[in-house]
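Residues per chain, in single letters:
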Amino acid sequence: MFIAQPRYTSTSEVVVKQVSDTKVSANGGFAALLGVNNTSSEDASYLTQFIMSNDMVKRLDTKFDFRNAYHIDGKDFIYELPEDASQEELLEYFKKRVHIDLDEQTKVLSVTTEGFDADYTLELNKAILGLSEQFINQISNKIAVEQLQYAKKQLDESKKDLDAKKSWMLQYQNKNQIFDPQANAAMVNQLIGNLQAQLASLRTEQRQKRSYLNDNAPELVSIASQIAAVETQIREERAKLTSNSNAKLSQQTIQFETIKSEVEFAAEMYKVALSSYEQAKLEAFRKMKNLVVISAPYKAEQALYPRKAYIIGTSLALLLIMYGFVRLVMAVIKDHSN
């Protein structure tokens, strides 16, 4: 009671909130108010482990100099920290001066710091919250950046492949001076069909007039000439499709269709990559988390420890029990001696 140094505390309450989560929690309370129903105990556990880690102690020690701050005069051998404490001893002492409590229902973390000076204790709590916020932001941002980088890489590769395939098709069109061989082939086939219909009509007319005209008649000679011209044109048009020359339309059609299918496939892959990139952006944003301070740390006006009334009451109760036990033993001994 008389040796222990007065110890002040400062408490803050925080919760890890998912940025885009706006659903109402079935648990109610702070979770429903803040929209943190998807905040799991795992997030709170990770944050607790970070606060109680050696990394946290090292970061804070550069500013708060624990070995000097928690060593007054050495009389309080229970609650003071030795000036020559090792890093392991410092970590264990830190865990005793910083307390973390988790509300399993709302996932709210209570962070309580304890020290020999009220201002020091307040600043220590603020520093822990600041580093905790950096930790949460770093983890969520790292995951988001990795997802977006991968999706962006896939999108860039798909765009590059699509541009290459389009350039290939354009070069082929310019080289062969043709826009779409398949369309040209369709036009040629349509033209051949029209010529064949015309040829059939001329031959029908020729048969009709042969029934009453001589083969040397001018009309039959004219029809025969027309038939020969149409047959010649049909052969020429068919040659465009089936000719063995390098410029034959059938080969151009096959080559162009191959190139066109490559372009269409690359375009589909680009659409998939673009959709995946947009989805990755939404997913990365949805998974981002922030540290929300529900109750800010405050400066204590009076020392919470040592609790003198509690010590006096507990000591009195223990002494009375011990006194009663001794009196009982003495009474039994006296009774047996008689």
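For the structure, check the block above.
For clarity, every value in this text was computed on a predicted model and none was experimentally measured. Numbers given to residues run from 1 along each chain, matching the order in which its sequence is written. Under the rules for a predicted model, residues below a pLDDT of 70 receive no local features and side-chain atom pairs below 80 are neither given nor counted, while totals for whole chains, interfaces and linings still include all residues. Just so you know, side-chain values use all the structure's heavy atoms and leave hydrogens and water out.

A. How the structure looks around the overall build of the chain. Per the convention used, a helix needs a DSSP run of H or I reaching at least four residues, while a strand needs a run of E reaching at least two, with both numbered from the N terminus. Assigned secondary structure in the chain consists of 10 helices and 4 strands. Secondary structure elements in the chain, listed N-terminal to C-terminal, are β-α-α-α-α-α-β-β-α-α-α-α-β-α. Only protein chains enter the area calculation, which uses a 1.4 Å probe; residues under 20% of their type maximum are buried, those over 50% are exposed, and those in between are partly exposed. Expressed as a percentage of the 338 residues in the chain, the buried residues total 33%. A fraction of 74% describes how many contacts in the chain between residues 6 or more apart in sequence connect residues 24 or more apart. The protein chains shown are the only cover counted for residues, whose accessible areas, like all others here, come from Shrake-Rupley with a 1.4 Å probe. Within the structure as shown, the chain displays about 21400 Å² of accessible surface, and the carbon and sulfur contribution to it stands at 55%. Whether two residues touch is decided by their heavy atoms; if any such pair falls within 4.5 Å, the residues are in contact.

B. Representation of helix α2 (residues 41–51) within the structure. All of the buried residues along α2 are D43, A44, L47, T48, F50 and I51. Take α2 and look down its axis: the buried residues cluster within an arc of 160°, on one side only. An arc is given here, and it is the one of the directions from the helix axis to the C-beta atoms.

C. Here's a closer look at the nonpolar core. As used here, the term nonpolar core means buried Ala, Val, Leu, Ile, Met, Phe, Trp, Tyr and Cys residues forming a set that is joined through side-chain atoms within 4.5 Å. Judged by nonpolar contacts, the single largest core of 33 residues is most densely connected at L60, F66, F94 and I128. Filtering out sequence-adjacent residues up to four positions away, F94 remains in contact with I51, M52, M56, V57, L60, F66 and I128. With 9 residues, the next largest nonpolar core counts L199, I227, V230 and I234 among its residues.

D. Main features of a negative patch on the surface. A patch is a set of surface residues, each over 30% in relative accessible area and not in a salt bridge, joined within 9 Å for like charges and within 5 Å for the nonpolar side chains Val, Leu, Ile, Met, Phe, Trp and Tyr. For this document, the term salt bridge refers to a Lys or Arg side-chain nitrogen within 4 Å of an Asp or Glu carboxyl oxygen. None of His or the chain ends enter the tally, which takes Lys and Arg as positive and Asp and Glu as negative. Working definition for charges: the position is that of NZ of Lys, CZ of Arg, CG of Asp or CD of Glu. Together, E83, D84, E88 and E89 make up a region of like negative charge exposed at the surface. Its location among the elements puts E83 in the loop between α4 (66–69) and α5 (87–97).

E. How the structure looks around the pattern of salt bridges. In total, this model carries 15 salt bridges according to the counting rule given. As a salt-bridge pair, D119 and K299 come within 3.0 Å of each other at their nearest N and O atoms. One end of the pair, D119, is in helix α6 (residues 118–176); the other, K299, is in the loop between β4 (289–295) and α10 (308–337), with 180 residues separating them in the sequence. Taking the shortest distance from any N to any O, the salt bridge between D163 and K159 comes out at 2.9 Å. Taken as a pair, D163 and K159 lie in helix α6 at a separation of 4 residues, close to a single helical turn. Each of R7, R97 and E114 takes part in a single network of salt bridges with overlapping partners.

F. Molecular detail of the sheet that holds β4. In space, the 4 strands of this open sheet follow the order β2-β3-β1-β4, with antiparallel pairing throughout. Looking at which strands have only one partner, the edges of the open sheet turn out to be β2 (98–102) and β4. Ignoring strand direction, the axes of neighbouring strands in this sheet form an average angle of 25°. Taken together, the 6 bridges between strand β1 (residues 8–18) and β4 define a ladder with antiparallel strand orientation. Its bridge partner being in β4, V15 is matched across the sheet by V292. Angular values range over 0 to 180 degrees, each being the angle between N-to-C directions of two axes fitted as lines to C-alpha atoms, with helices fitted over their stretch in contact. Relative to the sheet, α5 contacts β2 and β3 (109–115), its axis offset from that of β2 by approximately 55°. Two strands pair under a simple rule: DSSP has to find at least two bridges between them.

G. Focus on the pairing of β3. For β3, the tally of buried residues reaches 7 of 7 residues, placing the bulk of the element in the interior. Every second residue of β3 is oriented toward a common face, with L109, V111, T113 and G115 on one face and S110, T112 and E114 on the other, all of them buried. Sheet topology note: the β1/β3 ladder contains 7 bridges and is antiparallel. Paired with Y8 across the bridge in β3 is G115.

H. The packing of aromatic side chains, seen in detail. Only Phe, Tyr and Trp rings are paired, with Trp represented by its six-membered ring, and only when their centres lie within 6.5 Å; those with planes under 30 degrees apart are stacked, over 60 edge-to-face, the remainder tilted. As enumerated under the stated definition, the model contains 8 aromatic pairs in all. Ring geometry for Y70 against Y93: centres 5.2 Å apart, planes inclined by 70°, an arrangement best described as edge-to-face. One end of the pair, Y70, is in the loop between α4 and α5; the other, Y93, is in helix α5, with 23 residues separating them in the sequence. Overall, Y70 belongs to the buried group, its relative accessible area being 3%. On the basis of relative accessible area, Y93 is assigned to the buried category, the value being 8%. What links up through ring pairs into an aromatic cluster is the set F64, F66, Y70, Y93, F94, F116 and Y120. For R7, the ring lying beneath its charged end belongs to Y79, and the centroid distance is 3.6 Å. Geometrically, a charge over a ring is one whose NZ (Lys) or CZ (Arg) sits within 6 Å of the ring centre while staying within 35 degrees of the ring normal.

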